[in-house]
Amino acid sequence: DVKVTQSSRYLVKRTGEKVFLECVQDMDHENMFWYRQDPGLGLRLIYFSYDVKMKEKGDIPEGYSVSREKKERFSLILESASTNQTSMYLCASSLLTGIGYTFGSGTRLTVV
Amino acid sequence: AQTVTQSQPEMSVQEAETVTLSCTYDTSESDYYLFWYKQPPSRQMILVIRQEAYKQQNATENRFSVNFQKAAKSFSLKISDSQLGDAAMYFCAYNAGGTYKYIFGTGTRLKVLA
């Protein structure tokens, strides 16, 4: 069964910490995505990558960066965590445009 | 700008009954795709159904079907014979052809009453 795996289901971090959220897919997908999910706002795209070492900003990239050194792994980095980054973070991957994403189970991050 | 609107934050349905979730979108593109995703309490987003804009025929997957009205830019999801396992958040999503980004609505929480 194909999978997108997010390394942590729950995380609690302190304000100002550097935070790494990891995502691994085993489907040889070219495209990977990081979304943030907040009640009443739906899912908002933070960053995506369409190839190794390639990245594009989404709608809300401020305060975040990403890394894709290998095809299967896409990391989201919070350079200096703030309380307004408390949220659910969803990783997704896709082989082609238009066919749908495969999602991970999400990481619920709390910044205190 | 492309937008997706789900105007029903929450809906309820009796087990075995039929429910329809609404979604409207705005785009000037002619080539695009529409999706319904289900997010149960486990949080894993699952693709329920996909519709290609150039296909007039409404997509169907078992108990799930859509009513795709291209001119009205409406894409509703009908769930027939509702089951307790259908209780979840449902998100409508739009993808312009040839692009990577999906635009999601704000979601509808569906409760199924026994």
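Residues numbered from 1 in each chain as written. Chains lettered and ligands numbered in written order. Predicted model: local features only at pLDDT ≥ 70, side-chain atom pairs only at ≥ 80, totals over all residues. Heavy atoms only, no water.

(A) Spotlight on the overall build of chain B. Helix and strand counts for chain B stand at zero helices and 12 strands. Viewed in the frame of its principal axes, chain B has a C-alpha envelope of about 40 × 25 × 20 Å. Buried positions account for 47% of the 114 residues belonging to chain B. Pairs at least 24 apart in sequence give 55% of the contacts found in chain B among residues at least 6 apart. Counting every atom, chain B has about 5,500 Å² of accessible surface; 46% of that belongs to carbon and sulfur. Of note, chain B has its 11 positive side-chain charges centred 4 Å away from the centre of its 10 negative side-chain charges. (Helix = DSSP H or I, 4+ residues; strand = E, 2+ residues; numbered from the N terminus. Buried < 20%, exposed > 50% of the residue type's maximum accessible area, 1.4 Å probe, protein only. Contact = heavy atoms within 4.5 Å. Areas by Shrake-Rupley, 256 points an atom, 1.4 Å probe, with all protein chains shown as cover. Lys, Arg positive; Asp, Glu negative; His and termini not counted. Charge placed at Lys NZ, Arg CZ, Asp CG, Glu CD.)

(B) Expanded view of a nonpolar patch on the surface. Together, Leu 95, Leu 96 and Ile 99 of chain A make up a nonpolar patch on the protein surface, roughly 250 Å² of accessible area in all. Looking at the secondary structure, you find Leu 95 of chain A in the loop between strand 10 (87-94) and strand 11 (102-103). (Patch = residues over 30% accessible without salt bridge, like charges linked within 9 Å, V, L, I, M, F, W, Y side chains within 5 Å. Salt bridge = Lys/Arg side-chain N within 4 Å of Asp/Glu carboxyl O.)

(C) The arrangement of the interface of chain B and chain A in detail. Contact residues are listed per partner, giving 21 residues for chain B and 27 residues for chain A. Summing the contributions of chain B and of chain A, the shared interface buries around 2,000 Å²; its carbon and sulfur component is 52%. The interface formed by chain B and chain A contains one salt bridge. Between Asp 59 of chain A and Lys 101 of chain B there is a salt bridge; the shortest N-O distance is 2.6 Å. (Buried area = accessible area lost by both parts, 1.4 Å probe.)

(D) Quick look at the layout of surface pockets. Approximately 460 Å³ is the volume attributed to the largest pocket. If you list the elements that add at least two residues to the lining of the largest pocket, you get strand 5 (31-38) and strand 10 of chain A together with strand 10 (88-96) and strand 12 (108-113) of chain B. With three residues, strand 10 of chain B is the single largest residue contributor to the lining of the largest pocket. A breakdown of the residues in the lining of the largest pocket according to their chemical character gives 11 nonpolar, nine polar and four charged. (1 Å grid on protein atoms, 1.4 Å probe; cavity = no way out; pocket = protein on both sides within 12 Å on 5 of 7 lines; lining within 4 Å. Points joined across faces, edges and corners; volume = space filled by probe spheres on them. Nonpolar A, V, L, I, M, F, W, Y, C, P; charged D, E, K, R; others polar.)

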